[in-house]
Every structure is written in C-alpha cells, then in structure tokens.
Amino acid sequence: MERQFFVVWLAFSSLAVFTEPAVPENAIEIYSLHVDCKVTSRFAHTVITSRVVNRANESKEALFEVELPKTAFITNFSMIIDGKIYPGIIKEKKSAQDQYDAAVSQGKTAGLVKSIGRKLEQFHVSVNIAVASKVTFELIYEELLKRKLGKYELLIKVKPKQLVNNFQIDTHIFEPQGISFLETDSTFMTNELNNALTKVQNETKAHISFKPTRTQQRKNPELEDTLLDGDFVIRYDVKRGVTAGDIQIVNGYFVHYFAPSQMPTFPKNVVFVIDKSGSMSGKKIQQTREAMKKILEDLNPEDHFNLVTFSGNVIEWQSSLFQATEENVAMAKRHVETINAQGATDINGALQTAINLLDKDTTAEVLPDKSISMIILLTDGQPTEGVIDIAQIQKNIQRDNNGKYFLYCLGFGFDVSYTFLEKMALENGGVARRIYEDSDAALQLQDFYHEVATPILKEIEMKYPGSAALEITQNNFKLLFDGSEIVVAGKLDNEVEVFPVEIKAQARASELTLKEDANVSEKEQVFQHQKYIFGNFIERLWAYLTIQQLLEKSALAEGEQRGELEALALNLSLKFSFVTPLTSMVVTKPDAQDVANKPTEADNEKSVRGAAQGFGSAGAQSMSTAKSGRHRFISTASRFNSFRTQAMPLLDPLASDLSVDLPAMPLLDPLASRTTGYPHFILQLPGERYPICLNIKGQSQAPITLLSDPDKGIKVTGKIGENREFVEFEVTYQMLNMQINVSRGEIILNDHGNVRSFPWTKDAFVTPNGLRFTIEKEKSLSLAGPDSITIQVSYLKAPLNFLGLYFKNSDLFSDKVAGLLGQFYFNTHLESPLGQHSRGKKTLITNGQSHDVTRQRRKDYRIESAVNGIITCWSLNITS
C-alpha cells in the first residue's frame, strides 16, 4: 500500500510553511473541497468538507490536514467512507488515555493536533482507501475573532497541492452594528483567479465567495500545477458610536462589545528590559537592535522611557526615565547599536532594577500625571545568574511590583520557558508572547509594541445588575488599548425585559461613565430568521470565553485551586463539545482509533526540544503531563463543592456582583464507597449547582411518560425491567416524523416508516432530517436535534445491565414541558426548609408542589462522567 498526501490548509492567522510531494496522477484525487465560514457578531463557525476518491488500481492511504488557529476549539470531526460514518467523540482527556496509550504502543503518532507555528495548529488524520472508494472528511471548529489594531482578520490558508474540480470558499459575515470596512487580499491571486472572487456587501452583511474553476486554478495550461498556494485574507471592522458599546441577545444569553474610538491616549512610562546574554548572539541580537530602534522612533513625545540590559550583570542606560524627545530618542538609538550579546542571564535582577527605576521616578513625581507605567521584558533563555529558581523569581517580582506596573514578557524562541513568562506576566497585569526565530522577528517585536502603545482607558468596570445578569465572564479590566475590544458575555434572568448596563472607567481627561438600557425583545429580533446564524451562538460564545478565562486563571493557581478551576473548565468543555487542553476527541477509523488533543504552548516547547533530543511527539508529551497530574486532580476534587461558589469570581478579583451557578461537576471522590448506587435519572436543572438524582417507583414493563414537550415536538417514554432499572426508552420527534426505540439489545430508528436496526456492538453515525444520531460502541447513544436539545442514553453492561437517560441544554425546553422528568424542567427551584439550616436537606418546588430532597453521593452513569464517576446530588424518590 502506498501513502498519498493531500493537504487542506485553513487558518485565521499567521503564515506557516509546509511542503509535500505532489500527488501523482490517478492516485488520491480531491474532487470537492468546500470551506464554509459563518461569522456572526465576531464568533466564527467554520466547516471544512473535503471529498476524495482513490483513482489508483490499489489501495492508498490519504492524509487529511487542516490548519486552524490555536485559539480555536474543534467541535466535531467525521469521516464517511463508502457511505459509513466514522464520528469523532469528545471526552475528558483522562478517559481517552487508554486509546492514546494503545496507539503509541503500536508505534502510531496518536496526537492528531500539533502546534506548527506562531498561531496555528495542524489537525491531521490518515485513512486507507480501497480502489475506487470515496471518503468525505468534515472538520468543524469555532473561535471568537479578536480585534487587533482596529480590525478583525480571517485568514484562510489554501494548499490543496493539486487541481480540484469543485473548489469553493464561502464566507458569510453578519454584524448587527454595521460593517464599516471590508477588504480581501491574497498572496496567490492573479487576474484570472480574481474573476472567480465575488464580494457582496450591505449595511450589516457581507458574502465573500471564491470559486475558481479547474482551468483558473492551473498555473500553466500544459501542466497540472495549481496556483492555489498561499493566503486568502478577509479583514473588516464594525461601526461604532459614542455609546456604552453594543449589546446582543439570543435565547437568554447576552454579549456586550465595547471599543470606544477617537479617545485621547494616556502617556506611557516604559522600561525596556533586554536580554543580552550569550544565547542572544548573532541574528537574535541583531533583530532586537533593529526592532528597538523602530520602537523608539514610535514613542510619543509625551512618553518617558529607559533601557535596562542584562546578562550576568544588569546595566541601566540612564539613572531615571527620559522624555521621548527627538534628541533623547536619537541618543537611545545610538546606545542600542552598542548592545552586544555575552554572559549569563539574571532575569530577577533585571526586572527588580526596572521596578526600582519606576518607583524612584514615581516618588520624585517626574513622570506625567495620569500616565501608564509598564515594563517590557525580552529574553530567550532560562535564568542562570542571581536567583535562578523560576518560582522564586515570580514571587519576588509579584511582591516588588505589587500591582503598580504592567509587565509584558516576550520569549524569543523555544529555549525559554513560556509557562514561566506567562504566569509572571499575568500575575502583574500583562500578557506573554512568543517571538519566533524567523526572518521577521524584528517585525514581530514591533507589532507587539504597537498593540500596547496606545492605552485609552484604565480601571474599566462593566456593570450589570446582579438580579438580571448571571454567570458573567470577566467584567473588570485594567487597561484598554486603542484598536482592541472588550467582550463580556453572560446569561439573562428570564424575567428581564429591560437590561441596564453601565460602564465606568478612567479616561485621560476625566472619569468616564456610559449607560444604556437595552430592550431585550428588540435585541432578540435582530437575530430572527437570519441565515447567517448558527444555533445558540451567543451561549457558545459565552462558554468559549468562560473556558478560556478559567484556563488562564488556572495557570496562576496551584494545588487544589488549580484543579478546581480546571474541573469547571472541563465540565463546560464536555457540555459544549469543545476540544480544549482538558478534553480529547477520539477519532474512529475502520481499523483503529486515534486521539486528538489540543496542545498548549508548553507542549509546543516540548515538541521542539523533543525533536532536537529524540524525545518523540508533542502529543505524547501532552498526554504524559496530563497523566502525571492525575492524582492531584483526584485529591482536590473532593473539596470541589465548597469551592464552586468562589471559583467563577476568580475570573475577575474585582467583580463584586458576579453570580455563578454552573452545572454540577461530577466529584472525583476517593470516598466512593459511601455512595448509594446509581439513580434512575440525573437531571441538571438550569441555574442549580447540584443535579437532581431521581428514583422512580413504577410497575415493571409498563410504559412511563418521562417527558413531553408539544412546542418542541419531543416525547420520551421508558420501561422498568425486572431488576428495577430502566431497560427501554422510546424517543419520538413528532415534527420530524421519527421514532427511536432504545433497548439493551439494539437501537431501532424509524424514519418516516423506513426502519433501521443498529446494534450496540458497533459505532454508528447518521443524520436523518438534521437529527445527529451517534452510537459510541457499547457505551452511549446521542440524539442531537435541530433545536440543540441533546438526548443522551448511556448503556451500562454487567453486572447491572441498564440504560441511563439524561438531557443536555435542557433549559431550551418550552414552558409546556411535562412528564415525570419533564415537570422538573420548568418553574422548578430549590429552597432551604423554613427556619432550618440543615446542609443536607432542601425542598424542591415544582410548579407549586413541594418535594423533600436530601443531599447524597451517587454513582454517575453519564458518558462524560469523570474518573470514579461520583457526584453529589439532591436525591428524590417519586412514584409513576
């Protein structure tokens, strides 16, 4: 069997380089390649569909590759081989460990996602294709586009390496604020290809289509080489007024964008701290000198600055900061020319010197009033002089700085510990960035400086009434730079008709206060009947932001606190099907299973170092790290519940009115022996911390109406078996004219009278009439309807041999939902018994009826259950 390659590259950011031998004629042919991207209010949902066929007279192995941004989360992948669907299933990373280890033990590269450059990750999967067989690959991922230097950028990198009969890039943009400008660019565009590009734009929508014919793709009429090799870029921005930003609302969730324009810039006080140790010699120090001269030229006349260079010794250019006059800048540039690399690396001493310089000038009142002070560190290695313990350096700098000055850390290359720099920067109000050792490293340094060169607001507080807004993402920010944007998302209380927002901040000239009252129904009308909308996108945007902020906060935490923040992020990752650093996607193939993990910057470093030292793949390093941290994660989880009420405010230590009630995370409890077995049902009520564990007393084999929602057209019934466990469920989708009967022996799908039977012993994936029907072999059935409500059935075999039912996105049920389970999904809440303060008892109020519930530890049958599968829940017994 020969191995053939075809490559589909798609990204939203910087350039990467990849070469593969051209595909021979009559081998693996890409006959269709579609990139469909919907950008709704900055949130991008991208679907890549590639269809290939084996034209050879023997089996071939095809490699599907896609580049995506590191900030994106993969949400789905599937392959269709000769009509059979092989889905990817997202799980907790630990639960995917067995599949990963098995693949590694067989000598396979099991990590399907790897870092390949500054901002990109590469997803790849290979599959053997029989003669004349066809395969369809589909990858879906989502990302919030970040505004940088006044624009959003969508970069699509295309490299099919062959001519494609049906090639199309389709991008739809919908921005309710209005599109202020839109442009496209390409590194491979010719006059002939330009004829295949169409762009249609109105006030709020844009449609960009690039559909070159096979003839237009051809580089030379006599050759099969393709012109499609490079970047296809879309840049745009939105209209803004002098208001409290833009508020958008869909299905009870809101997102608030704030990016004021034409505001005066604060003067800056900047100390540049430059590594000149021996490892910086050669091209690095040359590029640093080049960049510093450009950056010095870009300082505003009101700014003040100084230079600190360090190796084993620390040298101040001047004893105090100088104003950025033309003469002082010229003098500093001459000094930069004299910087040469040699010696050791004293990072601790250099940063303490920078802090002391700012302290001294601040005390002497020589710096401008209402100015912003910052330190920008550039280093390429580990500390080797002075204090060399990185944890001690972090403590020293955080103690000495004490929140006074913003610290930005730039790591040059891969010999530096990015994790060390990132934590130190985040602890001191800044960010970290890696500078790649490429020919444009000087430009990377300049671009970073431009991002932080124009602070326009500080101490920004986005205020929302606590009774109206719940589960808010970070809503306090230290700085806002011109050309960037603040994004806050959260959930609205169901009773809110007018949503008041208030923004308080310090501008250069005065205190800034902006207010707005948003009419909820009017805001919701904006997104009605728009073909650009994909599902509950604001809810997914909220989850995306929350996960990222929890992961960022966990990077600063240690021990129990870190494990508990990660537990919250893991729960959301599983609920919304995101591949994050805490989850994995198990990709099923005809003869094997692979595991896709999301690498971190630390994995990136390991990959580079491992390649140099023969350590193996980045994916293996990533999973090894997760495995070594397993005992810490388990030991901290038993205290998870006491922490939950405090965990979300940690996203923002300044938030005083932030209210959080995320779905309960299964406890990884070492005291599992105290549990009382599996409940019949686990109900996660919207807004409640712990789920309800429900046990039903009913007659054996008698049908029980569990849930009925006429507005959604969903009905679920169940039967109890001889073992007093549920052994059969029937799900009816009335609007789709479809029934699914689930028993322990098989699953029967009746689609408009067309009956198909599926055994539990095989994976399966079909999509009749928009219903996503997924069987994970001998584990679970997932039914994801067009309304985003997911019905999940877990199959637990010997010794109990029963079925466990639960719902995802249950808050989407209508107010007409009923049934033994359905009654709890509307107008239901928990109350503490009047006059009592018992921690273990509450009253469940359901449509005016009261039920006494007790807190217990129960086993968790849900497929995404964490290790040991133990949860704390409110237990209730009812009779059918």
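Rules of the game
- Residues numbered from 1 in each chain as written.
- Predicted model: local features only at pLDDT ≥ 70, side-chain atom pairs only at ≥ 80, totals over all residues.
- Heavy atoms only, no water.
- Helix = DSSP H or I, 4+ residues; strand = E, 2+ residues; numbered from the N terminus.
- Buried < 20%, exposed > 50% of the residue type's maximum accessible area, 1.4 Å probe, protein only.
- Contact = heavy atoms within 4.5 Å.
- Pairing = 2+ DSSP bridges.
- Axes fitted to C-alpha atoms, helices over the stretch in contact; angles between N-to-C directions.
- Expected span 1.5 Å × (residues − 1).
- Polar contact = N/O pair within 3.5 Å; in protein donor to acceptor, adjacent residues only side chain to side chain.
- Core = buried A, V, L, I, M, F, W, Y, C linked by side-chain atoms within 4.5 Å.
- Right-handed = clockwise from strand over helix to strand, strands pointing away.
- Salt bridge = Lys/Arg side-chain N within 4 Å of Asp/Glu carboxyl O.
- Disulfide = S-S within 2.5 Å.
- Phe/Tyr/Trp six-rings, centres within 6.5 Å; stacked < 30°, edge-to-face > 60°.
- Parallel < 35°, antiparallel > 145°, perpendicular 65-115°, else oblique.
- Nonpolar A, V, L, I, M, F, W, Y, C, P; charged D, E, K, R; others polar.

Trainee: Before we move on, could you go through the overall build of the protein and cite the residues and values that matter?
Mentor: Secondary structure assignment for the protein yields 16 helices and 49 strands. Taken over 880 residues, the protein has a buried fraction of 58%. Within the protein, counting contacts between residues at least 6 apart in sequence, those at least 24 apart form 68% of the total.

Trainee: Tell me about the sheet that holds strand β29 (residues 498-506), and please be specific about residues and values.
Mentor: With antiparallel pairing, 4 strands are arranged side by side in an open sheet as β27-β25-β29-β30. At either margin of the open sheet sits one strand with a lone partner, and together these are β27 (476-481) and β30 (511-519). Each adjacent strand pair in this sheet contributes to an overall mean axis angle of 25°, direction not counted. Bridge count between strand β25 (residues 455-463) and β29: 4 bridges; the pairing is antiparallel. Paired with M462 across the two strands is I503, which belongs to β29.

Trainee: Lay out helix α6 (residues 347-363) with the relevant residues and their values.
Mentor: With 17 residues, α6 should cover 24 Å at 1.5 Å per step; its first-to-last C-alpha distance of 24 Å lies within 8% of that length. Those residues of α6 that fall on the buried side of the exposure criterion are I347, N348, G349, A350, L351, T353, A354, I355, L357, L358 and D361. The opening residue of α6 is D346, an N-cap whose side-chain oxygen sits 2.9 Å from the backbone nitrogen of G349. Among the residues trailing α6, E365 stands out with phi positive, at a value near 60°.

Trainee: Describe the nonpolar core, listing the residues and the values that go with them.
Mentor: If you look at soluble globular proteins, the nonpolar side chains tend to sit buried side by side. Formed by 60 residues in total, the largest nonpolar core has its most connected members in F681, L706, Y733, I740, F773, L781 and L805. Excluding anything up to four places from it in sequence, L805 contacts F681, I682, L706, V716, F729, I791, Q792, V793, L821 and Y861. Of all hydrophobic cores here, the second largest spans 55 residues; its members include I48, A62, L68 and I74.

Trainee: Residues and numbers for the pairing of strand β22 (residues 372-379), please.
Mentor: A regular strand carries its side chains on alternate faces of the sheet. The element β22 is extensively covered by neighbouring structure, given that 8 of its 8 residues are classed as buried. Burial along β22 is two-sided: I372, M374, I376 and L378 facing one way and S373, I375, L377 and T379 facing the other are all buried. The sheet contact formed by β22 and strand β23 (residues 406-412) spans 6 bridges and is parallel. By the bridge assignment, T379 is partnered in β23 with G411. Crossover β22 to β23 through helix α7 (residues 390-401) is right-handed.

Trainee: Outline the environment of N754, listing residues and values.
Mentor: Here N754 lies in strand β40 (residues 754-759). Take N754: its relative accessible area is 45%, and that puts it in the partly exposed class. For the pair N754 and M738, spaced 16 residues apart in the sequence, the C-alpha separation amounts to 9.3 Å.

Trainee: Give me the lowdown on the pattern of salt bridges, citing residues and values where you can.
Mentor: In total, this model carries 32 salt bridges according to the counting rule given. Across the pair D711 and K816 runs a salt bridge, and its minimum N-O distance is 3.6 Å. Here D711 is found in the loop between β35 (704-709) and β36 (714-720), whereas its partner K816 is found in the loop between β45 (802-808) and β46 (828-831), with 105 residues between them in sequence. Under the relative-accessibility criterion, K816 is labelled partly exposed at 49%.

Trainee: Give me the lowdown on the state of the cysteines, citing residues and values where you can.
Mentor: Two cysteines joined by a covalent bond between their sulfur atoms form a disulfide. Tallying each qualifying case throughout the model produces 1 disulfide. The disulfide bridge from C693 ends at C873, spanning 2.1 Å between sulfur atoms. Taking the torsion about the S-S bond as the criterion, the C693 to C873 disulfide, at about -115°, is left-handed. With C693 in strand β34 (residues 692-697) and C873 in strand β49 (residues 870-879), the pair connects residues that are 180 residues apart, well separated along the chain.

Trainee: Tell me what's going on with the packing of aromatic side chains, and back it up with residues and numbers.
Mentor: One pass over the structure, following the stated rule, counts 36 aromatic pairs. Arranged with centres 6.1 Å apart and planes meeting at 25°, the rings of F64 and F77 form a pair that is stacked. Of this pair, F64 sits in strand β4 (residues 60-69) while F77 is found in strand β5 (residues 73-81), placing the two residues 13 residues apart along the sequence. Here F64 falls in the buried class, since its relative accessible area comes to 0%. Residue classification places F77 among the buried positions, given a relative accessible area of 0%. Their ring planes at 50° and their centres at 5.3 Å tell us that F73 and F578 sit as a pair that is tilted. Of this pair, F73 sits in strand β5 while F578 is found in the loop between α12 (559-575) and β31 (583-589), placing the two residues 505 residues apart along the sequence.

Trainee: Break down unusual backbone geometry for me, with residues and values.
Mentor: The backbone of E365 sits at a positive phi, close to 60°, despite the residue not being glycine. Turning to its location among the elements, E365 is positioned in the loop between α6 and β22. Residue E365 is classed as exposed on the basis of its relative accessible area of 69%. A positive phi angle is found at N402, which is not glycine, with a value near 50°. Within the fold, N402 resides in the loop between α7 and β23. Classification of N402 as exposed rests on a relative accessible area of 61%.

Trainee: Account for the packing of α6 against α7, with residues named and values stated.
Mentor: If you want to describe how two helices pack, look at the angle between their axes and the distance between the axes. For the pair α6 and α7, the least separation of the axes is 10 Å and the interaxial angle reads 5°. Comparing the axis directions of α6 and α7 gives the class roughly parallel. Along its contact with α6, which presents N348, L351, Q352 and I355, the element α7 presents I393, N396, I397, R399, D400 and N401. When grouped by side-chain class, the residues that make up the contact of α6 with α7 number 4 nonpolar, 4 polar and 2 charged.

Trainee: Pulling in residues and values, what's your account of the side chain of N328?
Mentor: Assignment of secondary structure puts N328 in helix α5 (residues 326-337). Since its relative accessible area comes to 17%, N328 is described here as buried. At a separation of 2.8 Å, a polar atom in the side chain of N328 contacts the main-chain carbonyl oxygen of Q323. If we ignore the near neighbours within four places in the chain, the residues touching N328 are F305, W317, F322 and Q323.

Trainee: Could you give an account of the packing of helix α8 (residues 418-427) against helix α11 (residues 537-556), with specific residues and numbers?
Mentor: Running from N to C, α8 and α11 cross one another at 100°; their axes reach a closest spacing of 9 Å. By the angle between their directions, the pair α8 and α11 is classed as roughly perpendicular. Residues K423, L426 and E427 of α8 touch α11, and the partners they reach there are E552, A555 and L556. Class assignment for the residues of the contact of α8 with α11 results in 3 nonpolar, no polar and 3 charged.

Trainee: Kindly report on the environment of D415, identifying the contributing residues and their values.
Mentor: Residue position: D415 is located in the loop between β23 and α8. What makes D415 partly exposed here is its relative accessible area of 49%. Along the chain, D415 and Q382 lie 33 residues apart, while their C-alpha atoms are 7.2 Å from each other.

Trainee: Tell me about the sheet that holds β36, and please be specific about residues and values.
Mentor: In spatial order, the strands read β35-β36-β37-β38-β39-β40; together these 6 strands make up an open sheet with antiparallel pairing. Only two strands of the sheet have a single partner each, and these edge strands are β35 and β40. On average, each strand axis in the sheet is inclined to that of its neighbour by 10°, with strand direction left out of account. Across 5 bridges, the pairing between strand β38 (residues 738-743) and strand β39 (residues 746-751) is antiparallel. Among the inter-strand pairings, Q739 is bridged to a residue of β39, identified as N750.

Trainee: I'd like a description of the environment of R42, backed by residues and values.
Mentor: Along the polypeptide, R42 turns up in the loop between β2 (28-40) and β3 (43-54). For R42 and E153, which are 111 residues apart along the polypeptide, the C-alpha to C-alpha distance reads 10.0 Å. In this view, R42 contacts E143, L144, L145, Y152, E175, Q177, Y236, V238, R240, Q248, Y257 and E485; residues no more than four positions away in its chain are not counted. In this structure the side chain of R42 is engaged in a polar contact, spanning 2.7 Å, whose partner is the side chain of Q177.

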